[in-house]
Amino acid sequence: MNLIKSLLASTVLLLAAPQLAQAEILVGFVTGLSGPVSSIGIPNAKGIAAGEAYVGEIGGEKVRVIQLDDASDATASARNARKLVEQEKVDILIGTSGAPQTLAMATAAIEMKVPMIAVSPIAPVPPGDGGPWVVQTPQPTPLLVQGIVDHMKAKGLKTVAFIGFSDAFGDLMYNSLEQSVKTTDIKIIANERYARSDSSVTAQVLRALAARPDAIMLGGTGTPGALPVIALSERGYKGPLYGNHGLISADFLRLAGKAANGIICPTGPVTAAEQLPSSNPIQKVALDFRSAFEKANGEAPTDSFSSYSFDGWLVFADAAKRAMATGAKPGTPEFRTALRQALFTTKEVVGTQGVYTYTPADRHGVDDRSRVLVQIENGKYKLLP
């Protein structure tokens, strides 16, 4: 009799196990832990770990992250997204490192009708059936570049040369510059591109210098973003040099060294958290992020990329809590739809890079509060007025 009771109890537990697992919120996270974008992808992963340490349970439900490496390859990004949705049955996707890779992943997410939080900037994508499915935490590139153009105008600069990646990120940067200077008398007089995998940009730098610009703007990120900086320094360039948020990286500073001194970058407030006024609500979250990062990773953050994925986690946690309140259960299409609707009704969620308010017409969700200008000085980022 005792044996029969034990068998019955075991059967009940086995039958209950799938139901218990369904209540668990599953997050599919894709990042580039290897390949040319790993200098962004590894910090992205550390930012997610910090997010888990900061908010580990939502609405009484446990959250589990399934992480895959796309090796900095856009095809793998899309393939990983499909695997996470079709095989692992995740409720939401977060990722990935690099604009081309993120665009490929977002396209797959929309096709499968799964909400996604992009942690790299992407170009607009068709919304798909039922409305948009993808929001992003990085500031829109035009908002960041506008800060550069405003600074150029204040300095009386009239011409600028562009040196950037020959991919989707480079296009985003250049197109934003082109858009921002339209209402000014600043002229773009060179548009030089290089691949992330290139080992030299000598030809591009020489052509840019030959145009005799008043300033040069950089459209590269991470470690490959250091190439033109070093080449310009070697050729004695002393003019204004403008970077972007993708150069807020310890790897970039290490490779560029003293050549990076003087570069002005538009970036999120977290980069200069201690220098922000205490009245700024972002300061507290930015400092909390640093504590959570150290707790999760055993070291202090030295980049901006990890904070984008951390903010993605905060946005997800806020949306998931509201999706749970609808009664929809994790692991169901209804919960995915509820999550999507919650994402696009996000209001004033304070992160490290900005304050997020998403709508179906605005996948960026941030305003001027998400941008500051910093200048690199001996490996430090000095907040500019």
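Residues numbered from 1 in each chain as written. Predicted model: local features only at pLDDT ≥ 70, side-chain atom pairs only at ≥ 80, totals over all residues. Heavy atoms only, no water.

**Student:** Please explain the overall build of the protein chain as it appears in this structure.
**Tutor:** A count of helices and strands for the protein chain gives 12 helices and 15 strands. Its C-alpha radius of gyration of 22 Å places the protein chain within 12% of the 21 Å reference for a compact globule of 385 residues. Dimensions of the protein chain, computed from the C-alpha atoms along their principal axes, are close to 90 × 45 × 40 Å. The 385 residues of the protein chain split such that 54% are buried. Within the protein chain, contacts between residues at least 6 apart in sequence are counted, and of these 69% link residues at least 24 apart. (Helix = DSSP H or I, 4+ residues; strand = E, 2+ residues; numbered from the N terminus. Rg over C-alpha atoms; globule rule 2.2 N^0.38 Å. Buried < 20%, exposed > 50% of the residue type's maximum accessible area, 1.4 Å probe, protein only. Contact = heavy atoms within 4.5 Å.)

**Student:** How do you make sense of helix H12 (residues 333-343) when you look at a structure like this?
**Tutor:** Residues spaced three or four apart along an α-helix face the same direction, because each turn holds 3.6 residues. Taken together, the buried positions of H12 are Phe 335, Arg 336, Ala 338, Leu 339, Arg 340, Ala 342 and Leu 343. Those residues of H12 that are buried are in contact with strand E1 (25-31), helix H3 (74-86), strand E4 (92-95), strand E5 (116-118), strand E6 (134-136) and helix H11 (305-324).

**Student:** What's the story with the environment of Asp 367 in this structure? I'm lost.
**Tutor:** With respect to the secondary-structure elements, Asp 367 resides in the loop between strand E13 (355-356) and strand E14 (372-377). Taking the C-alpha atoms as reference, Asp 367 lies 22 Å from Thr 102; in sequence the two are 265 residues apart. At 2.9 Å, the side chain of Asp 367 and the side chain of Arg 369 are in polar contact. (Polar contact = N/O pair within 3.5 Å; in protein donor to acceptor, adjacent residues only side chain to side chain.)

**Student:** Any chance you could explain the packing of aromatic side chains here in plain terms?
**Tutor:** Geometry of an aromatic ring pair is reported as the spacing of the ring centres plus the angle between the planes. Summed over the entire model, instances satisfying the criterion amount to 8 aromatic pairs. Ring geometry for Tyr 54 versus Phe 310: centroids 5.4 Å apart, planes at 50°, classification tilted. Here Tyr 54 is found in helix H2 (residues 38-54), whereas its partner Phe 310 is found in helix H11, with 256 residues between them in sequence. Plain terms: the ring middles of Phe 289 and Phe 310 are 4.9 Å apart, the flat faces sit at 55° to each other, and that makes the pair tilted. With Phe 289 in helix H10 (residues 281-297) and Phe 310 in helix H11, this pair connects stretches of sequence that are 21 residues apart. An aromatic cluster is defined as three or more aromatic residues linked by ring pairs; in this entry it consists of Tyr 54, Phe 289, Phe 293 and Phe 310. The ring of Trp 133 is capped by Arg 340, whose NZ or CZ atom sits 5.2 Å from the centre of that ring. (Phe/Tyr/Trp six-rings, centres within 6.5 Å; stacked < 30°, edge-to-face > 60°. Lys NZ or Arg CZ within 6 Å of the ring centre and 35° of its normal.)

**Student:** Would you mind going over the nonpolar core with me for this structure?
**Tutor:** In globular proteins that are soluble, nonpolar side chains generally tend to be buried together. By size, the foremost hydrophobic cluster in this structure holds 50 residues, and its most contacted members are Leu 177, Ile 216, Met 217, Leu 218, Phe 252 and Ile 263. Sort the elements by how many residues they give to this core and strand E7 (residues 159-165) lands first, with 5 residues. Ignoring any residue separated from it by four or fewer positions in sequence, one finds Leu 218 in contact with Phe 162, Ile 163, Met 173, Pro 228, Val 229, Leu 232, Leu 241, Tyr 242, Gly 243, Asn 244, Leu 247 and Ile 263. Counting residues in each nonpolar core, the second largest holds 31 residues, with Phe 29, Val 63, Ile 94 and Ala 320 among its members. (Core = buried A, V, L, I, M, F, W, Y, C linked by side-chain atoms within 4.5 Å.)

**Student:** Just to check I follow, could you spell out H2 for this structure?
**Tutor:** The first and last C-alpha atoms of H2 sit 24 Å apart over 17 residues, in line with the 24 Å expected at 1.5 Å per residue. In this structure, the buried side of H2 is in contact with E1, strand E3 (61-69), E4, helix H9 (250-256), H10 and H11. (Expected span 1.5 Å × (residues − 1).)

**Student:** I tried to follow the confidence of the model for the protein chain on my own but got confused; where do I start?
**Tutor:** Detailed reading of the predicted coordinates is not advisable wherever pLDDT falls low. Overall, the prediction assigns the protein chain a mean pLDDT of 91, with 94% of residues at 70 or greater. Scored below 50 in pLDDT, residues 1-22 shows 2 contacts in the model against residues more than four places distant or in partner chains. (pLDDT = per-residue confidence, 0-100.)

**Student:** So what exactly am I meant to see when it comes to the pattern of salt bridges here?
**Tutor:** Side chains that differ in charge, positive against negative, can pair when their charged atoms come close. Under the definition given, this model contains 14 salt bridges. With a closest N to O distance of 3.0 Å, Arg 64 and Glu 24 form a salt bridge. Taken together, the positions of Arg 64 in strand E3 and Glu 24 in the loop between helix H1 (2-22) and E1 put the pair 40 residues apart, joining distant regions of the chain. The exposure class of Glu 24 is partly exposed, given its relative accessible area of 22%. Notably, a salt bridge pairs Asp 167 with Arg 196, separated by 2.5 Å at the nearest N-O pair. (Salt bridge = Lys/Arg side-chain N within 4 Å of Asp/Glu carboxyl O.)

**Student:** Any chance you could explain the pairing of E14 here in plain terms?
**Tutor:** Along any regular strand the residues' side chains alternate between the sheet's two faces. In terms of strand pairing, strand E11 (residues 264-267) meets E14 through 4 bridges, oriented antiparallel. The residue bridging Pro 266 from the neighbouring strand is Leu 373, located in E14. Across 4 bridges, E14 lies against strand E15 (residues 380-383) in antiparallel orientation. Bridge assignment links Ile 376 to a residue of E15, and that residue is Tyr 381. Taking the residues between adjacent antiparallel strands as the criterion, E14 and E15 are bridged by 2 residues, where Asn 378 takes a positive phi near 50°. (Pairing = 2+ DSSP bridges.)

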